[in-house]
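# Overview (structure and organization)
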Amino acid sequence: MHDAVADTILTGEQRQVRHRRKDGTADIHVIGEITGAVGFGAEPLYCTWQLVHDEQLWAVTQGLAKGRTHASSPLLPEDGGLSGVVWEAPLDIALTTTSSQHWPAIVFKLFHRSIWLGRDEFVGYSLCTLPNTPGCHHVSCPVWAAVEARSSFRQELTSWFTGLTPQLVDESFITDLEQRYEQGQHLHTRDCSSTRASLSTASCTHTPAAITGARAVERISGAAAAAPGMQCRSFGAAGANTMAAAAAAAGGLAGAGGRICLRLHVLARGLGELKQTGGDSVGVCLERLRDTVEKMRRNKEVAATYDEEVESEGVRLVREGRAARLAAVQQQLADGSSNRDQQLLEARGSSDYGGAGGAGTRGAGASAGAEAAASPNGSDAGSMRAANNFSPLSQFKGCGYAVADNAFLGLVDTSAAPRVAAEASYAFAHEAPVYLPALKQIFFVSNRLGNTSGVTQFIELNTLDISTGTVTKLPESLGNSLAMSNGATNLPGTDDSIALLTQGKGDWQPGAVNKLNLKTLKHEVLLDNYLGRQFNSPNDIAFFKDGRTLFFTDPPYGFAQNFKLQPQLGNYVYAYDTVSKIVSVAADGFVKPNGVAFSPDYKTAYVTDTGMADGTGPSGFNPANPQTIYAFDVETAKSGKSGSFFPTLRNRRTFAVAETGLPDGIKMDVQGNVYTGTGAGVEVFAPSGKRLGTVLIEGGVANLVFADKVLYALNEKRIIAVQMRVPGAKLP
């Protein structure tokens, strides 16, 4: 029936094109007009439009694929109008396709002509997916503008002062669902209306426009029409009905804003055959869409559950932590002696610790007298205890020194016993140590806490004031946003910010390189994908001497530890230029690349590989896999017209093998000696690779950081301070 109607409307030339249709294709002809817009102010409006379609599957055989309307002043309610503008701009587009996928859509950009400033100003975007059923369709499309989720103060001030609405740099984001899914977390949308239509309803059928944005898809259906007595000056009869019906529908929606209105007649031929022979059928597409929506719904439910669990657990931990600290102080005041402290010291020295300080390690902890009651998941904040760096009461008896070469004595002050800088009853000190001299603080993160068998596990972010020994837990909401933080380093050019690696969670929080200001706690994403694919689990990071190029490792720990999906990339070391935004694979061939550092002259890069911890051998360790530190030559190649030199890694070679356990975090001193955290503690190597000795720390060390001539080692339940004779290497 629709084919017969089409033949009576199409021109002779169009009918010839139409009847030359090949098998396995379908023809769509859209005839109509952009009738106008409702819900805006008193200044003239116009819009530009463009048909967006997959050129490999769809082709425009007749008509224009883009255009613009004229500028039109609105009819205001006090004039008896609709608070809208009238365009009646014609649309006449014929298309042919071989697939029902990637259905074409029209993208609108709305502008208003400023009478006072004498310029055209952008208002917002709108999107209308062409109806996929033949017939007459009245469509109203919400107009929206994009707003950065974490816009800077400067951007907000500029927008407020100029009154201008920001535009998208890449407008393909509007119709690209993959970009929406991956990058949509960084953008919010707002409606662009200045007035609202408030109308009663009568009878008129509407077809919903497929609208993608921060709001859910709004569907207009059922009965709606113009208000009684409405005057539609300069409208044709059809145009009046369309504008009135669209305005009425907009008024009937909660929170509806400004809208662009269209009337479309759709003629189609061959859709039935297309479902059988051309591309994927509509049924297959709908099934795929249902699967995608269900997947997103499940992810959202899991994320919501995670947030609720972390929030409730966090409130409980804060409350119990305060109570435990208060009780400890009151007990000390009541004792009035140091007998209790001596008992604690003896308990710490004889306690049993398990594991090699790697991911997921748990210790038995100190005796009950040394800590408050632990929470069920082992993350009791109330048991955290800070100690002055060199107080006699903070000496840790589980430490010592193993000297393999006399050069070790010139690096480590073996006459001073290692001290406990801070301690807790759970693995609060695991990774990402960064020393910020201006703040006299060390930033670090905990091991995985909570239910470590699923996505509800989490990681705490902490700071240690090295002058007072005070440990401060950063807000849990920050830890939720920076999911599963693991590696960090100083951010060049700042004294209060760090570059922080997050491993991400599930497929809704990608692993990323982030900037975090430790004074304001504001953060932003610098990089979160390579070739459009999510990173595995970014682990450790170091800046090159230019202060703009950072290197980071990306092992598959998130998948192995049940909080990330199947890896999408190899186990690489990446180089990222924070100025040019160029990212590349600097080195590959690893099982689990982990720590990364540069020699003081930046001619050599060191990367640790913890591949031995693959979960297959005894106790989860496979001796056939690497427990190795690799060395690389750093070469700089001229890149681009700017003449910048992009560093690359060449000439890979084995530098050293850990004596006990795995080499995790890695740091350098000013002489180029290499320090790495292992199951034995901190193993020390000369620039030649010769083993010099080990700072023995019971329970092992995951990561470490220099603060002048003190080396702080993260020992899961303790932070150990080791007095050195040489300072750490200077960072860019």
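Check the entry above for the structure.
In what follows, the accompanying structure is described. (Residues numbered from 1 in each chain as written. Predicted model: local features only at pLDDT ≥ 70, side-chain atom pairs only at ≥ 80, totals over all residues. Heavy atoms only, no water.)

### Considerations on the environment of His29
For the record, the criterion: Helix numbering and strand numbering both begin at the N terminus, where a helix is a DSSP run of H or I of at least 4 residues and a strand a DSSP run of E of at least 2. Only protein chains enter the area calculation, which uses a 1.4 Å probe; residues under 20% of their type maximum are buried, those over 50% are exposed, and those in between are partly exposed. For the purposes of these results, a polar contact is taken to be a pair of N or O atoms within 3.5 Å, where, inside protein, one atom must be able to donate a hydrogen and its partner to accept one; residues adjacent in sequence count only when each atom of the pair is a side-chain atom.
One can find His29 in strand S1 (residues 26-38). For His29, a relative accessible area of 6% translates into the label buried. Spatially, the C-alpha atom of His29 lies 9.5 Å from that of Thr61, the residues being 32 residues apart in sequence. Looking at His29, its side chain comes within polar contact range of the side chain of Asp92, at 2.6 Å.

### Observations concerning the pattern of salt bridges
Once their charged atoms are close, side chains differing in charge can pair, the charge on each being opposite to the other. What counts here: Within this document, salt bridges are pairs made up of a side-chain nitrogen of Lys or Arg and a carboxyl oxygen of Asp or Glu, the two lying within 4 Å of each other.
For the structure shown, the criterion picks out ten salt bridges. Salt-bridge contacts for Asp405 lead to Lys690; the nearest nitrogen and oxygen are separated by 2.5 Å. One end of the pair, Asp405, is in the loop between strand S13 (399-403) and strand S14 (419-423); the other, Lys690, is in the loop between strand S33 (681-685) and strand S34 (691-697), and 285 residues separate them in sequence. Overall, the relative accessible area of 46% leaves Lys690 in the partly exposed class. A salt bridge links Arg691 to Glu683; its shortest N-O distance comes to 2.6 Å. We classify Glu683 as buried; its relative accessible area is 0%.

### Some details on the packing of aromatic side chains
To be explicit about the condition: Only Phe, Tyr and Trp rings are paired, with Trp represented by its six-membered ring, and only when their centres lie within 6.5 Å; those with planes under 30 degrees apart are stacked, over 60 edge-to-face, the remainder tilted. Our definition puts a charge over a ring when NZ of Lys or CZ of Arg is within 6 Å of the ring centre and also within 35 degrees of the ring normal.
In this structure the tally under the stated criterion is 21 aromatic pairs. Ring-pair connections join several aromatic residues into one group, and the members of that group are Tyr46, Phe111, Phe122, Tyr125 and Trp144. Sitting over the ring of Tyr630, Arg652 keeps its end group 3.9 Å from the ring centre.

### Things to note about the sheet that holds strand S16 (residues 441-445)
This is how it is decided: Strand pairing is assigned whenever DSSP identifies at least 2 bridges connecting the two strands. Every axis in this analysis is a line fitted to C-alpha atoms, fitted for helices over the stretch in contact. Angles between the N-to-C directions lie between 0 and 180 degrees.
Pairing is antiparallel across the open sheet formed by four strands, whose spatial order is S15-S16-S17-S18. What marks the edges here is a single partner per strand, and that holds for strand S15 (431-436) and strand S18 (470-473). Averaged over all pairs of adjacent strands, the angle between their axes in this sheet comes to 20°, without regard to strand direction. Strand direction decides the pairing type here: S15 and S16, joined by four bridges, are antiparallel. Looking across to S16, one finds that Tyr435 is bridged to Ile442.

### Considerations on the side chain of Arg419
Relative to the helices and strands, Arg419 is located in strand S14. For Arg419, the side chain forms a polar contact with the main-chain oxygen of Ala417, separated by 3.3 Å.

### Some points on the sheet that holds strand S25 (residues 573-577)
The strand order across the open sheet formed by four strands is S23-S24-S25-S26, and the pairing between neighbours is antiparallel. Of all the strands in the sheet, just strand S23 (541-543) and strand S26 (583-587) have a single pairing partner and so form its edges. Ignoring strand direction, the axes of neighbouring strands in this sheet form an average angle of 25°.

### Some thoughts on the environment of Arg653
Note the cut-off: The contact criterion used is simple: two residues touch if any of their non-hydrogen atoms lie within 4.5 Å.
Topologically, Arg653 is positioned in strand S30 (residues 644-657). On the basis of relative accessible area, Arg653 is assigned to the partly exposed category, the value being 30%. Arg653 sits 47 residues away from Tyr606 along the chain, and the two C-alpha atoms are 9.8 Å apart. If we skip the residues at most four places from it in the chain, Arg653 touches Thr604, Ile629, Tyr630, Ala631, Phe632 and Asp633. In this structure the side chain of Arg653 is engaged in a polar contact, spanning 2.9 Å, whose partner is the backbone oxygen of Asn651.

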